[in-house]
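Commentary on secondary and tertiary structure
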There are 2 protein chains.
Amino acid sequence: MTRKQWELTAGEWAIIQAVWDNEPCAAPTIQEALEKKIGWSYSTVKTMMDRMVGKGLLRTQRIRNLILYSSSITKKEAQSGEIMRAMRRAFDGALTPMMQFMLDSKSLTEDELGQLEAMIKNKKDKTKGGK
Amino acid sequence: MTRKQWELTAGEWAIIQAVWDNEPCAAPTIQEALEKKIGWSYSTVKTMMDRMVGKGLLRTQRIRNLILYSSSITKKEAQSGEIMRAMRRAFDGALTPMMQFMLDSKSLTEDELGQLEAMIKNKKDKTKGGK
DNA sequence: GAGCTTACTCTACAAGTGTAGAGACAGTCA
DNA sequence: TGACTGTCTCTACACTTGTAGAGTAAGCTC
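**Quick look at the nonpolar core**
Among the nonpolar cores identified, the biggest contains 71 residues, and Ile 30, Met 49 and Met 98 of chain A together with Ile 15, Ile 30, Met 49 and Met 98 of chain B are the most heavily contacted of them. With sequence-adjacent residues up to four places away left out, Ile 30 of chain B is seen in contact with Ile 15, Ala 18, Val 19, Cys 25, Val 45 and Met 49 of chain B.

**Describing unusual backbone geometry**
Residues and elements named next belong to chain A. Residue Pro 24 is reached from Glu 23 by a cis peptide bond, and omega for that bond is -10°. Its place among the elements puts Pro 24 in the loop between α1 (10-22) and β1 (25-26). Even without being a glycine, Asp 92 presents a positive backbone phi close to 50°. The topology assignment puts Asp 92 in the loop between α4 (75-90) and α5 (95-105). Residue Asp 92 is classed as exposed on the basis of its relative accessible area, which comes to 68%.

**Some details on the relation of the copies chain A and chain B**
Note on the identical chains: chain A maps onto chain B by a rotation of 180° and an axial translation of 0.0 Å, with an RMSD of 0.1 Å. Each copy turns onto its partner about a two-fold axis. Within chain A, the C-alpha atom positioned nearest to the axis of rotation is that of Glu 117 of chain A, 3.1 Å from it. In this assembly, 100% of the residues forming the interface of chain A have copies in chain B that are likewise at the interface, indicating an isologous arrangement.

**Some words on the protein's contact with DNA strand C**
Near DNA strand C, the surroundings consist of 22 residues, among which Trp 40, Ser 43, Thr 47 and Met 48 of chain A together with Tyr 42 of chain B are the closest. Expressed as a percentage, the sugar and phosphate content of the atoms of DNA strand C within 4 Å of the protein is 58%. Between a phosphate oxygen of DNA strand C and a side-chain N or O atom of Thr 44 of chain A, the distance comes to 3.1 Å. Between DNA strand C and the protein, one listed contact pairs a base nitrogen with a side-chain N or O atom of Thr 47 of chain A at 2.7 Å. Here the surface near DNA strand C gets six residues from one element, more than from any other, and that element is helix α3 (residues 42-55) of chain A. Considering only residue class, the surface near DNA strand C consists of eight nonpolar, eight polar and six charged.

**Looking at the interface of chain A and chain B**
If you look at the interface, chain A gives 41 residues, while chain B gives 41 residues. Between chain A and chain B, roughly 4700 Å² of surface is buried when both sides are summed, and carbon and sulfur atoms account for 69% of that area. At the boundary of chain A with chain B, the tally comes to two salt bridges. Here Arg 89 of chain B makes a salt bridge to Glu 82 of chain A, at a shortest N to O gap of 4.0 Å. Of all the elements in the fold, those that place two or more residues in the side of chain A that touches chain B are α1, α4, α5 and α6 (110-129) of chain A.

About the criteria used
- Residues numbered from 1 in each chain as written.
- Chains lettered and ligands numbered in written order.
- Predicted model: local features only at pLDDT ≥ 70, side-chain atom pairs only at ≥ 80, totals over all residues.
- Heavy atoms only, no water.
- Core = buried A, V, L, I, M, F, W, Y, C linked by side-chain atoms within 4.5 Å.
- Buried < 20%, exposed > 50% of the residue type's maximum accessible area, 1.4 Å probe, protein only.
- Contact = heavy atoms within 4.5 Å.
- Helix = DSSP H or I, 4+ residues; strand = E, 2+ residues; numbered from the N terminus.
- Least-squares fit on C-alpha atoms with pLDDT ≥ 70 in both.
- Near = heavy atom within 4 Å.
- Polar contact = N/O pair within 3.5 Å; in protein donor to acceptor, adjacent residues only side chain to side chain.
- Nonpolar A, V, L, I, M, F, W, Y, C, P; charged D, E, K, R; others polar.
- Buried area = accessible area lost by both parts, 1.4 Å probe.
- Salt bridge = Lys/Arg side-chain N within 4 Å of Asp/Glu carboxyl O.

Geometric descriptors of this kind do not, in isolation, establish any biological role.
This is how it looks when you write it as structure tokens:
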């Protein structure tokens, strides 16, 4: 299905996160949600949201005079897009070096390392067994 | 030292990669290097490079009538910035969930999984012993 | 010293992003 | 029915990014 790769801007991330938490919801809801965090005015939020509809990131449904927004991409898709961008730009599109870099440069607790190790083991089993 | 966090655009990545490969070097060198890949004209390249100097991504050194450019950030810094951006935006700034997501959603060969496992073991030893 | 080559400077423009004011419109309540 | 409130529409502007043409300046060659 060759899914489209999404690259959201910082502002779009702020908005879509609020949408995921509230959908379906009207623009004022989002504005209120973001008010505290980033203090955008209603116009700002509404403008961005409508642009995001144009891009296919959100979709709308009109109920009388109210416009309800929902996301049209999932959080996973957006997260994946974000990772792909980093991977493509900074690591020639290769995952392993990127993960190695992350392991290498960040301070992970022993606990976290353990968790990751477990995940890998799990994954390995599946790779071997499955298929 | 609270290093500045760099967020390069796609174009800036293209250029700085070429600079890393050739520095110190003049703008035409970079243009030639990128010609094949992305076909930018000299003006385009030069404009971007000068803007990057303004931002502190590159620096210059004038030798008579020639301007030599070098990077003022390392590849590691740029890579790290790219990862931080993804992490901040898409994973609330948390590394482990991001790594889990990567492990989970991508197809890694058994080999790659093995490599990662080894790295983690290594890291774990250091975490434990090293203090 | 006229022309060629090489590199540089200046200027510009379109698209995208962040930002928001002003005004219109509909529903509600006194 | 007039004021108020909530929501929407329109319009606009500054800044960034990608993109590049046109013109200038310096050095080299015959």
